[in-house]
Amino acid sequence: MGRQSGGFSPETARKDFPILQRLVNGHPLVWLDNAATTQKPRQVIEALAAYYSATNSNIHRGAHTLAREATEAYEAGRAAVAEFLGAASPENIVFVRGTTEAINLVAQSWGRANLGPGDDILVPVLEHHSDIVPWQLIAKETRARVVPVPLGPDGQIDRTAYADLLSSRTQLVAISHASNVLGTVPPVREMTALAHRYGAKVLVDGAQAVAHFPVDVQEMDADFYVFSGHKIFAPTGIGVLYGKPEVLESMPPWQGGGNMIDSVSFAHTTYAPVPQRLEAGTGHISGVVGLLAALNWLTSFDRGAVAAYEQGLMSYAQQALSMVPGLETVGAAPDRIAVLTFTLAGQDPATVADWLDRDGIAIRAGHHCAQPALAHYGLETAARASLALYNTSEEVDQLVASLRRLTDSAPS
Ligand code: PMP
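What you are looking at is a predicted structure, and each value in this text was computed from that prediction instead of being measured.

With the rule as written, the count across this model stands at 12 aromatic pairs. With 5.2 Å between their ring centres and 80° between their planes, Phe 17 and Trp 297 make a pair best called edge-to-face. Highlighted residues: Phe 17 in the loop between helix H1 (10–14) and strand E1 (23–24) and Trp 297 in helix H10 (residues 285–298), separated in sequence by 280 residues. The same class applies to Phe 17 as to Trp 297, namely buried. Aromatic side chains Phe 233 and Tyr 390 sit 6.0 Å apart centroid to centroid with 70° between the ring planes, which places their arrangement in the edge-to-face category. Note that Phe 233 is positioned in the loop between strand E9 (224–228) and strand E10 (239–243) and Tyr 390 in the loop between strand E17 (382–386) and helix H14 (393–409), a separation of 157 residues in sequence. Judged by relative accessible area, which is 1%, Phe 233 ranks as buried.

With that out of the way, let us pick up the domain arrangement of the protein. Looking at the protein, the domain boundaries give domain 1 (10–41 + 302–409) and domain 2 (46–298). A C-alpha centroid distance of 28 Å is found between domain 1 and domain 2. Contacts between the two partners involve 38 residues from domain 1, matched on the other side by 35 residues from domain 2. Both faces considered, domain 1 and domain 2 share a buried interface measuring about 2,900 Å² in area, 59% of it formed by carbon and sulfur atoms. At the junction of domain 1 and domain 2, the tally comes to zero salt bridges. For the pair domain 1 and domain 2, the number of links is 26 residue pairs in polar contact (both at pLDDT 80 or more). Secondary-structure elements contributing two or more residues to the side of domain 1 that touches domain 2 are helix H11 (303–321), strand E14 (339–344) and helix H13 (371–375). Counting residues per element, the side of domain 1 that touches domain 2 draws most heavily on H13, which supplies four residues.

Our focus in this paragraph is the pattern of salt bridges. For the coordinates displayed, the defined rule picks out 15 salt bridges. Across the salt bridge formed by Arg 14 and Glu 395, the nearest N and O atoms sit 3.2 Å from each other. Residue Arg 14 is located in helix H1, and its partner Glu 395 is located in helix H14; the two are separated by 381 residues in the primary sequence. Glu 395 shares its class with Arg 14; the two are buried. Here Lys 244 ties to Asp 223 by a salt bridge, and the two come within 3.3 Å at their closest N and O atoms.

Orientation of helix H3 (residues 65–85) relative to H10, taken along the N-to-C sense of each, is 45°, at an axis distance of 9 Å. Of the possible angle classes, the one that applies to H3 and H10 is oblique. Crossing angle aside, the handedness with which H3 passes H10 is left-handed. On H10, the residues that touch Ala 70, Ala 73, Tyr 74, Ala 76, Gly 77, Ala 80, Val 81 and Phe 84 of H3 are Ile 285, Val 288, Val 289, Leu 291, Leu 292, Leu 295 and Leu 298. When the residues that make up the contact of H3 with H10 are grouped by side-chain class, the tally is 14 nonpolar, one polar and no charged.

Time to look at the sheet that holds strand E13 (residues 327–330). With antiparallel pairing, the four strands of this open sheet are ordered in space as E13-E14-E17-E16. Unpaired on one side and paired on the other, E13 and strand E16 (364–366) mark the two borders of the sheet. Taken over all neighbouring pairs, the strand axes of this sheet differ in orientation by 35° on average, direction set aside. Contacts from H14 reach E13, E14 and E17 within the one sheet, and its direction differs from that of E14 by about 10°.

The immediate surroundings of the ligand are formed by 13 residues, with Thr 100, Asp 205, Gln 208, Ser 228 and Lys 231 found nearest. His 128 is positioned such that a nitrogen or oxygen atom in its side chain is 3.3 Å from a nitrogen atom of the ligand. Between the ligand and Gln 208, the relevant distance is 2.6 Å, taken from an oxygen atom to a side-chain nitrogen or oxygen of the residue. Considered class by class, the residues forming the shell around the ligand number two nonpolar, nine polar and two charged.

On to helix H2 (residues 42–55). An ideal rise of 1.5 Å per residue puts 20 Å on 14 residues; H2 measures up with 19 Å between its terminal C-alpha atoms. The complete set of buried residues in H2 reads Val 44, Ala 47, Tyr 51 and Thr 55. Along the axis of H2, the buried positions cluster into a sector of 55°, meaning they face one direction only. Set apart from the buried face of H2 by more than 90 degrees, the exposed residues are Tyr 52 and Ser 53. Summarising the contacts, the buried residues of H2 are in contact with H3 and H10.

A separate point is the packing of H11 against H14. Running from N to C, H11 and H14 cross one another at 20°; their axes reach a closest spacing of 10 Å. With respect to H14, the axis of H11 lies roughly parallel. Taken as a pair, H11 and H14 cross one another with a handedness that is right-handed. Contacts between H11 and H14 pair Tyr 309, Leu 313, Tyr 316, Ala 317, Ala 320 and Leu 321 from the former with Ser 393, Val 396, Asp 397, Leu 399, Val 400 and Leu 403 from the latter. Residue composition of the contact of H11 with H14, by class: 10 nonpolar, one polar and one charged.

Below, the discussion takes up the nonpolar core. Leu 85 and Ile 363 are the most contacted members of the largest nonpolar core, which has 108 residues in total. The element contributing the most residues to this core is H10, with nine residues. Each of domain 1 (10–41 + 302–409) and domain 2 (46–298) contributes no fewer than three residues to this core. Leu 85 has contacts with Ile 93, Val 210, Val 215, Asp 216, Val 217, Tyr 225, Phe 227, Val 240 and Tyr 242, leaving out every residue within four places of it along the chain. In terms of nonpolar packing, the next biggest core, distinct from the first, is built from 27 residues, Val 94, Ile 103, Trp 135 and Ala 174 among them.

Cut-offs used in this document
Residues numbered from 1 in each chain as written. Predicted model: local features only at pLDDT ≥ 70, side-chain atom pairs only at ≥ 80, totals over all residues. Heavy atoms only, no water. Phe/Tyr/Trp six-rings, centres within 6.5 Å; stacked < 30°, edge-to-face > 60°. Helix = DSSP H or I, 4+ residues; strand = E, 2+ residues; numbered from the N terminus. Buried < 20%, exposed > 50% of the residue type's maximum accessible area, 1.4 Å probe, protein only. Domains from an automatic or database assignment. Contact = heavy atoms within 4.5 Å. Buried area = accessible area lost by both parts, 1.4 Å probe. Salt bridge = Lys/Arg side-chain N within 4 Å of Asp/Glu carboxyl O. Polar contact = N/O pair within 3.5 Å; in protein donor to acceptor, adjacent residues only side chain to side chain. Axes fitted to C-alpha atoms, helices over the stretch in contact; angles between N-to-C directions. Parallel < 35°, antiparallel > 145°, perpendicular 65-115°, else oblique. Left-handed = near helix turned anticlockwise from the far one by under 90°. Nonpolar A, V, L, I, M, F, W, Y, C, P; charged D, E, K, R; others polar. Pairing = 2+ DSSP bridges. Near = heavy atom within 4 Å. Expected span 1.5 Å × (residues − 1). Arc of directions from axis to C-beta. Core = buried A, V, L, I, M, F, W, Y, C linked by side-chain atoms within 4.5 Å.

What follows is the structure in structure tokens.
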């Protein structure tokens, strides 16, 4: 049995995941790589099968029953995402491939239209590469600057430095709602309010947040909020860009093609209103169907109880890991998600991951697409166990036992 918290028991969630029944190297799978991607509940798998078995059609065109049904499913997904994020309207939701594409869209569309020489884009050092490189690309083109916001020793964003770096030159602040390597949950509402005082826009990368705690984009006052379906129990290849209506409406197309136009002629082409203007071509219709099923599945739980359960499991894991000789955790911000990045004395992180895999335990080793965050700790690579609502204290015990066997077997 897993640890229980309020109204939530992980066993209720676990039974929905067929993959958690499989053996890996002769052991039951222990999936602790949730920050990379989450597993999919049968409700999502069945929704995809049902869509392709009974509904498959392109949308927004074709006057037939299946086109209508597929369009309804796609737009129901948009409405569900709007509700999930606390957005004012489904029209504030643009479907994309994932977080990376959403950020590139904002950089290429909003960025190209709004950035110029001497403008600043503030990016905390803990960001994922997908919240750094798209800004570097557009900054190079527009001769704007990407300015890193430093971290404190525990992995929190240095708030004094942030306040000092903000100026009338700041056009955009791009912050993660939760770090994929340090677990840090920055005070995005306060940081957003401060940025707005300088007239800057704020993009919040929710890739690591949405699966773990409730999000309200209007309360946070974010101008943009982005996430990937695959990190919230939905399929790969579908993601979300939320934008404030007036900001989205001001954005020029970033890709051209079908679906995004109003009328086309060689003399003059006009564009559709948002969100369609930013969704060129056939979208990932089944991905939206899967995302809708995933959101319905997740919100069937008491999300406050889920968050409390994950926080309890994280404390348990931190305590248990601290007993492993030579293990050091990376990042210690007080507000954090259950991402446990660590090093083990004398062991290469890749060797640690390989050892654990022999026991059926999946963790991640490498730079976690956040090289500046690791460099802040003088590291190039680290191991990372990341937890989700279906993980249990027994699985944490198995992780710790396997790590102890590794340290015991290592020559001292
Ligand atoms: N931002 C953060 C904080 C992430 O953790 C990730 C994925 N590790 C991404 C962005 C990129 O997400 P995707 O690869 O799904 O586009």
